[in-house]
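Okay, here's what each chain looks like letter by letter:
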Amino acid sequence: MAIITISRFEGCKGSEIARDIADELGYALIDRAWIHGKARSFKGDFTKEIEVLENESKPGFFDSLFRQRSVYGHMISSMIYDAVSEDKAVILGRGGQFLLQGRPHAVNVCLTAPFETRLARIMDAMNIERVIAEDYLESSDRKRRDF
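Since we're looking at a predicted model, the values are computed, not measured. (Residues numbered from 1 in each chain as written. Predicted model: local features only at pLDDT ≥ 70, side-chain atom pairs only at ≥ 80, totals over all residues. Heavy atoms only, no water.)

Participant: Report on the sheet that holds strand 2 (residues 28–30), specifying residues and quantitative values.
Facilitator: Pairing between sheet strands relies on hydrogen bonds along the backbone, with the strands arranged either parallel or antiparallel. One open sheet accounts for four strands, arranged 2-3-1-4; its pairing is parallel. Unpaired on one side and paired on the other, strand 2 and strand 4 (106–111) mark the two borders of the sheet. Averaged over neighbouring strand pairs, the angle between their axes works out to 20° when direction is ignored. In this sheet, strand 3 (residues 89–92) lies alongside strand 2 in parallel orientation, the contact comprising three bridges. Across the sheet, Ala 28 pairs through a bridge with Ala 89, a residue of strand 3. (Pairing = 2+ DSSP bridges. Helix = DSSP H or I, 4+ residues; strand = E, 2+ residues; numbered from the N terminus. Axes fitted to C-alpha atoms, helices over the stretch in contact; angles between N-to-C directions.)

What follows is the structure, encoded as structure tokens:
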């Protein structure tokens, strides 16, 4: 069996594609909602970590100084490794392609589309003006690269 990781840029329909692939193959979909639910089940206060996981962003300046930075990475890693131990999983985002890089049973896919295509989708989906959509898309791309 294989593990499929899907990284994507905003406006590439990555969520829809990942869901369709998981459904078609009968695989578990490991996405933001799955990760969020799993993190909530942990004992202790992981509110900040859950926020970082949900937004695919770097921890804030003070969080990176005063909280253990490795907690973020360890949470994601442990959840993904646990999920893929059963095989038959589609992992959407969350750095799955980096965690499973070089594994013979992992197929890593990166979805992208031209900026203008993604921009049109964002403008339509969010019903916002071009300038606002451009700022949103550039910010999203930057956050995903940083994550």
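Participant: Which residues make up a negative patch on the surface, and what values go with them?
Facilitator: On the surface, Glu 16, Asp 20, Asp 23 and Glu 24 cluster together into a patch of negative charge. Following the sequence through the fold, Asp 20 ends up in helix 1 (residues 14–25). (Patch = residues over 30% accessible without salt bridge, like charges linked within 9 Å, V, L, I, M, F, W, Y side chains within 5 Å. Areas by Shrake-Rupley, 256 points an atom, 1.4 Å probe, with all protein chains shown as cover. Salt bridge = Lys/Arg side-chain N within 4 Å of Asp/Glu carboxyl O. Lys, Arg positive; Asp, Glu negative; His and termini not counted. Charge placed at Lys NZ, Arg CZ, Asp CG, Glu CD.)

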